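# Reading the structure
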Amino acid sequence: RPDEIRVELARELKQNAKKRKNITSNNKSRQKRNQEITKILQDKLGMSRVSLRSIQKYKLWEEMNHICLYTGKTIPLGDLYDTGKYDIEHVIPKAKIFDDSMINKIISDRQANADKGKMTALEYMETLGEKESSAYVERVKKIVKDERKLTRLLMSDDEIPTEFLNRHLKQSQYIAKYAVDMLRQISPYVSSTSG
């Protein structure tokens, strides 16, 4: 058995100093916001341990103005963490785009998420009829401020990008994470480095 295994992870193209500084600044802001959310969840909901997934759920809930975009119903904070009511949902299924970023996620009613299955958000809403679909498009345009997320929420299956750069970079990053986990069965000393 090998003493140590190193896995080279895919990375974005090299970035200049200004972009690296912006990334560092954004990371610090995100870390500060995560700490604020942790405190809110501990104080208001009595959570003793706040996971990254819980923080993501709260951020998505805030970003969607406390509304499920599919149903149009308000999501009370007290119900947000009630298992069985609301999910973090991929707007475009991961199987189609391999994107697990916040741009591709919203909070949705659990039943709507299950009914949506492997459809895009827009295609799912179109299956509910013209009235529901139109109301959804209006809701999305009113609530969603991020253009990238807005585009995804209004994207049909035939509009999903197939170009190499982002999609395959994400896929190779995703595969590398699993490779690290699998290789730990061979050697306890597995580390990863940027490619």
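Here's a quick rundown of the structure. The model shown is predicted, which means the values in this text are computed figures rather than measured ones. (Residues numbered from 1 in each chain as written. Predicted model: local features only at pLDDT ≥ 70, side-chain atom pairs only at ≥ 80, totals over all residues. Heavy atoms only, no water.)

Two side chains of opposite charge can pair, provided their charged atoms sit close to one another. Per the counting criterion, the structure on display carries 13 salt bridges. For aspartate 157, the salt bridge goes to lysine 96, with nearest N and O atoms at 2.6 Å. Note that aspartate 157 is positioned in the loop between α8 (147-153) and α9 (164-183) and lysine 96 in helix α4 (residues 94-97), a separation of 61 residues in sequence. Judged by relative accessible area, lysine 96 falls into the partly exposed class, the value being 24%. Residue aspartate 146 is joined to arginine 148 by a salt bridge in which the shortest nitrogen-to-oxygen separation is 3.2 Å. Residue classification places arginine 148 among the exposed positions, given a relative accessible area of 54%. One connected set of salt bridges, linked through shared partners, spans Arg33, Glu36 and Glu62. (Salt bridge = Lys/Arg side-chain N within 4 Å of Asp/Glu carboxyl O. Helix = DSSP H or I, 4+ residues; strand = E, 2+ residues; numbered from the N terminus. Buried < 20%, exposed > 50% of the residue type's maximum accessible area, 1.4 Å probe, protein only.)

Time to look at the nonpolar core. Here is a general trend for soluble globular proteins: nonpolar side chains tend to be buried in one another's company. Counting residues in hydrophobic clusters, the biggest one holds 37 residues, and the most contacted among them are Leu69, Tyr70, Ile107, Tyr136 and Leu153. Counting residues per element, the ones that place at least two in this core are α1 (17-45), α2 (52-63), α3 (77-80), β2 (86-90), β3 (105-109), α6 (121-127), α7 (130-143) and α8. Judged by nonpolar contacts, the second largest core, of five residues, contains Ile5, Val7, Ala176 and Val190. (Core = buried A, V, L, I, M, F, W, Y, C linked by side-chain atoms within 4.5 Å.)

A word on the packing of α1 against α2. Helices that pack against each other are described as a pair by the angle of their axes relative to one another and the distance between those axes. Where α1 meets α2, the axes come as close as 10 Å, and the angle between the chain directions of the two elements is 95 degrees. The angle between α1 and α2 falls in the class roughly perpendicular. Between α1 and α2, the residues in contact are Arg30, Arg33, Asn34, Ile37, Thr38, Ile40 and Leu41 and Ser54, Ile55, Tyr58, Lys59 and Glu62, respectively. Of the residues contributing to the contact of α1 with α2, the split by class is five nonpolar, three polar and four charged. (Axes fitted to C-alpha atoms, helices over the stretch in contact; angles between N-to-C directions. Parallel < 35°, antiparallel > 145°, perpendicular 65-115°, else oblique. Contact = heavy atoms within 4.5 Å. Nonpolar A, V, L, I, M, F, W, Y, C, P; charged D, E, K, R; others polar.)

With twelve residues, α2 extends 16 Å from end C-alpha to end C-alpha; this agrees with the ideal 16 Å at 1.5 Å per step. Taken together, the buried positions of α2 are occupied by Ser54, Ile55, Gln56, Lys57, Tyr58, Lys59, Leu60 and Trp61. Those residues of α2 hidden inside the fold are in contact with α1, α3, β2, β3 and α8. Phi turns positive, to about 55 degrees, at asparagine 65, one or two residues after α2. (Expected span 1.5 Å × (residues − 1).)

The backbone of asparagine 65 sits at a positive phi, close to 55 degrees, despite the residue not being glycine. Topologically, asparagine 65 is positioned in the loop between α2 and α3. Backbone geometry at histidine 66 places phi at a positive 65 degrees, although glycine is not the residue there. Residue classification places histidine 66 among the partly exposed residues on the basis of a relative accessible area of 31%.

None of this, on its own, says anything about what the molecule does.
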